[in-house]
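Here is how the chains run, residue by residue.
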Amino acid sequence: MQKVRYLNTSINDNERSLISGYWKEQIEHYGTSVTYFTHGYSLTSHNFLYGEDSTSTFSKIANFIILTDITNDALMLSKFGIMADCDMTAVVHISSFYEQFGCGYEPKAGDLIQLTEYGAERPGGRSAPIYEITERDEEYLPMTNPLIGHYVWYMKCKRYEYSYEPGIETGSYN
């Protein structure tokens, strides 16, 4: 009798396909519609004195569905006092991302996610909140990777601080 090893990737293709389908379905059912903006950062035009690329622009690329976990006003103690910050964890299926952007493109730090569906009915005429991707991973073991498969992009984001870069509109009253 052969030993059973559940993490042997040569024999668990069906199980990994099942988990991938599970994640895709959960995101489609419980996710929110967003607008994705890519950051046109270029290292060659980076100003090392000010720490920015003043010629970079944002490009609106696509609308698609992501699963979000938003932590509004997370209090943080820093050397400048108490700061209120908004964090978001976003999950998008890798195949859904490739359908929108093409195979090989990956979410990167600096890209923006605007929660268009979530922010459509905000009071006081405010527009949808915008988050900046700070970290991306496809191997978040505790949540998404029980059988050593790569199904979703797991992105950590922070609330975007507008710095007058072209290509992004923060909307009125934001």
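Everything that follows concerns the structure shown earlier in this document.
Residues numbered from 1 in each chain as written. Predicted model: local features only at pLDDT ≥ 70, side-chain atom pairs only at ≥ 80, totals over all residues. Heavy atoms only, no water.

1. Details of the pattern of salt bridges
For the coordinates displayed, the defined rule picks out four salt bridges. Across the pair Lys-24 and Glu-99 runs a salt bridge, and its minimum N-O distance is 3.3 Å. Separated by 75 residues along the polypeptide, Lys-24 in helix H1 (residues 13-30) and Glu-99 in helix H2 (residues 94-101) bring together distant segments of the chain. Linking Asp-111 and Lys-108 is a salt bridge whose minimum nitrogen-to-oxygen distance equals 3.0 Å. What makes Asp-111 buried here is its relative accessible area of 0%. (Salt bridge = Lys/Arg side-chain N within 4 Å of Asp/Glu carboxyl O. Helix = DSSP H or I, 4+ residues; strand = E, 2+ residues; numbered from the N terminus. Buried < 20%, exposed > 50% of the residue type's maximum accessible area, 1.4 Å probe, protein only.)

2. Details of the pairing of strand S5 (residues 130-137)
Bridge count for strand S4 (residues 112-114) against S5 is three bridges, and the pairing is antiparallel. Counted as the bridge partner of Ile-113 is Tyr-131 from S5. Bridge count between S5 and strand S6 (residues 152-159): six bridges; the pairing is antiparallel. If you follow Glu-132 over to S6, its bridge partner there is Lys-158. (Pairing = 2+ DSSP bridges.)

3. Focus: the packing of aromatic side chains
The geometry of two aromatic rings is summed up by the distance between their centres and the angle between their planes. Tallied over the entire structure, the rule returns nine aromatic pairs. The interplanar angle of 70 degrees and the centroid separation of 5.0 Å between the aromatic rings of Tyr-36 and Phe-101 together place this pair among those described as edge-to-face. Highlighted residues: Tyr-36 in strand S1 (residues 32-39) and Phe-101 in helix H2, separated in sequence by 65 residues. Under the relative-accessibility criterion, Tyr-36 is labelled buried at 0%. (Phe/Tyr/Trp six-rings, centres within 6.5 Å; stacked < 30°, edge-to-face > 60°.)

These figures come from the coordinates and say nothing about function on their own.
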